[in-house]
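Listed below are the residues making up each chain.
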Amino acid sequence: MFPADSHWHRSVAALPTKASSAQLVATVGSTSALKADFGSGTWDGGPIGIPYVVVPAGQAKVRVTFDYDDESDPGPYPIPADPPVEGGPNADGDRHVLVVDAGSCTLYELYDAHPQAGGSWHAGSGAVWNLRSNALRPAGWTSADAAGLPILPGLVRYDEVAAGKVDHAIRMTVPVSRTAYTWPATHQAGSTSSSSAPAMGERFRLKATVDESTFPPSVRPIIRALKTYGGIVADNGSAWYLSGVPDPRWDNDDLQALRRIKGADFVAVDASSLKVSPTSGQAR
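Procedures and definitions
Residues numbered from 1 in each chain as written. Predicted model: local features only at pLDDT ≥ 70, side-chain atom pairs only at ≥ 80, totals over all residues. Heavy atoms only, no water. Pairing = 2+ DSSP bridges. Helix = DSSP H or I, 4+ residues; strand = E, 2+ residues; numbered from the N terminus. Axes fitted to C-alpha atoms, helices over the stretch in contact; angles between N-to-C directions. Salt bridge = Lys/Arg side-chain N within 4 Å of Asp/Glu carboxyl O. Buried < 20%, exposed > 50% of the residue type's maximum accessible area, 1.4 Å probe, protein only. Core = buried A, V, L, I, M, F, W, Y, C linked by side-chain atoms within 4.5 Å. Contact = heavy atoms within 4.5 Å. 1 Å grid on protein atoms, 1.4 Å probe; cavity = no way out; pocket = protein on both sides within 12 Å on 5 of 7 lines; lining within 4 Å. Points joined across faces, edges and corners; volume = space filled by probe spheres on them. Nonpolar A, V, L, I, M, F, W, Y, C, P; charged D, E, K, R; others polar. Polar contact = N/O pair within 3.5 Å; in protein donor to acceptor, adjacent residues only side chain to side chain.

A. Structural context of the sheet that holds strand β10 (residues 125–130). Strand order in the open sheet formed by four strands is β4-β6-β7-β10, with mixed pairing between adjacent strands. What marks the edges here is a single partner per strand, and that holds for β4 (53–55) and β10. Strand-to-strand twist in this sheet, taken as the mean axis angle between neighbours without regard to direction, amounts to 20°. Sheet analysis places strand β7 (residues 106–111) next to β10, joined by six bridges and oriented antiparallel. In the strand pairing of β10, Tyr108 is matched with Val128.

Dropping the structure here:
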């Protein structure tokens with residue numbers, strides 16, 4: 001997903017730690033535990049995580065209307081009948097709907113998506129992404145996520161963990177964010193101007209001193225990804241929550257082991273040296 005030189009796939013392992021790292025970590029929560037916000041089974045009647053669906057070339061497109069239509073990509077979107085909705089069809093949370101058109105290699109994402117009579121949909125916001133391009137949203141624009149970023153490329157998927165390598169940064173939430181965004185984010189949803197709070201797009205890297213060998217083998221690729229690519233702040237939510245795709249093959253007990261990792265095990269890194277252009281997600 002996205003070119004090999006995308007920021008999603010660039011290592012931050014050797015990047016410098018920000019001077020404000022300790023304050024940023026403390027604001028998120030130094031003693032708060034890392035949490036895999038995905039797994040197998042259900043929670044409150046819905047799947048645990050953010051699902052997505054792949055549709056074939058020629059999938060019929062439907063009309064979508066938006067609350068934030070001035071910052072949303074207009075439809076139609078190739079939403080199939082009965083697509084997976086975050087939290088389940090009766091959920092009242094973020095209700096993300098993610099659709100990949102395999103024919104055109106295009107990602108369609110909706111926030112707060114609700115089916116309407118006649119097959120159309122209404123959503124809070126929506127974004128369309130060419131998965132072969134590094135283009136970012138216009139400055140100041142949201143997407144289906146608070147940071148203006150795509151959601152799917154930052155999700156942990158079972159198949160990549162089973163294969164032994166997660167080759168991208170991981171979507172992460174924090175309780176409080178600053179009224180600012182930093183590349184590659186294009187949008188903020190902050191509640192404070194304090195420089196001690198992370199901005200949308202902030203990158204946190206897991207310290208190399210965390211011994212992955214003491215964790216179940218099934219979660220070690222996640223730990224290595226956090227050391228290599230880091231977690232990227234994409235939305236407001238619980239502290240150090242990692243996003244992933246629900247899958248019946250996840251071992252929830254193994255995922256729970258990640259809670260042994262605390263906020264103090266992270267540092268905030270300065271990723272500014274990776275930026276080639278403010279309008280592109282290409283990274284040096």
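B. Up close: the pattern of salt bridges. Applying the stated rule across the entire model yields nine salt bridges. Between Asp73 and Arg137 there is a salt bridge; the shortest N-O distance is 2.5 Å. In this pair, Asp73 is assigned in the loop between β5 (64–66) and β6 (97–101) and Arg137 in the loop between β10 and α2 (158–163), connecting sequence segments 64 residues apart. For the pair formed by Asp73 and Arg137, the shared burial category is buried. Residue Asp159 pairs with Arg249 through a salt bridge whose shortest N-O separation is 2.8 Å. Of this pair, Asp159 sits in helix α2 while Arg249 is found in the loop between β14 (241–243) and α4 (252–256), placing the two residues 90 residues apart along the sequence.

C. Structural detail: the nonpolar core. With 55 residues, the main nonpolar core has Phe204, Ile222, Trp240, Ile261 and Phe266 as its most contacted residues. Considering every element that reaches this core, the biggest residue donor is helix α3 (residues 220–228), with four residues. When neighbours within four sequence positions are excluded, Phe266 is seen to be in contact with Val25, Leu34, Met172, Phe204, Arg205, Leu206, Lys207, Leu226, Trp240 and Ile261. Core analysis: the next-biggest nonpolar cluster, separate from the first, contains 15 residues, Val62, Ile79, Trp121 and Ala123 among them.

D. Just empty space enclosed by the protein, in detail. Enumeration according to the criterion identifies one cavity of 30 Å³ or more in this entry. Each pocket or cavity is described by its volume, and for the largest cavity that value is around 60 Å³. Lining the largest cavity are Phe2, Ser6, His7, Trp8, Trp129, Asn134, Ala135, Leu136, Pro150 and Gly281. A per-class count over the lining of the largest cavity returns six nonpolar, four polar and no charged.

E. Spatial organisation of the side chain of Arg137. In this structure Arg137 comes out as buried when scored by relative accessible area, which is 7%. At 2.7 Å, the side chain of Arg137 and the backbone oxygen of Glu71 are in polar contact. There is a polar contact of 2.5 Å between the side chain of Arg137 and the side chain of Asp73. Once residues within four sequence positions are removed from consideration, Arg137 is found in contact with Glu71, Ser72, Asp73, Gly126, Ala127, Val128, Trp129, Thr142, Ser143, Gly148 and Thr186.

F. The pairing of strand β11 (residues 170–174), seen in detail. The element β11 is largely enclosed, with a buried count of five among its five residues. Side chains Ile170, Met172 and Val174 of β11 all project onto a buried face; the interleaved residues Arg171 and Thr173 project onto the opposite face, where all are buried too. When β11 meets strand β13 (residues 231–236), the two strands line up parallel, connected through five bridges. Bridging across to β13, Thr173 finds its partner in Asp235. Two elements, β11 and β14, share two bridges in a ladder whose sense is antiparallel. Residue pairing for β14: Thr173 is matched across the bridge by Tyr241.

G. Broad picture of the sheet that holds strand β9 (residues 121–123). Read across the sheet, three strands follow the order β5-β9-β8 without closing on themselves; strand pairing throughout is mixed. Looking at the sheet topology across the chains shown, the edges are occupied by β5 and β8 (114–115). Examined bridge by bridge, β5 and β9 share three bridges and lie parallel to one another. Along β9, the bridge assignment pairs Val64 with Trp121.

H. Region of the structure containing the side chain of Ser21. Within the element layout of this structure, Ser21 appears in helix α1 (residues 21–28). Under the relative-accessibility criterion, Ser21 is labelled buried at 6%. What Ser21 contacts, discounting residues up to four positions off in sequence, is Val267 and Ala268.

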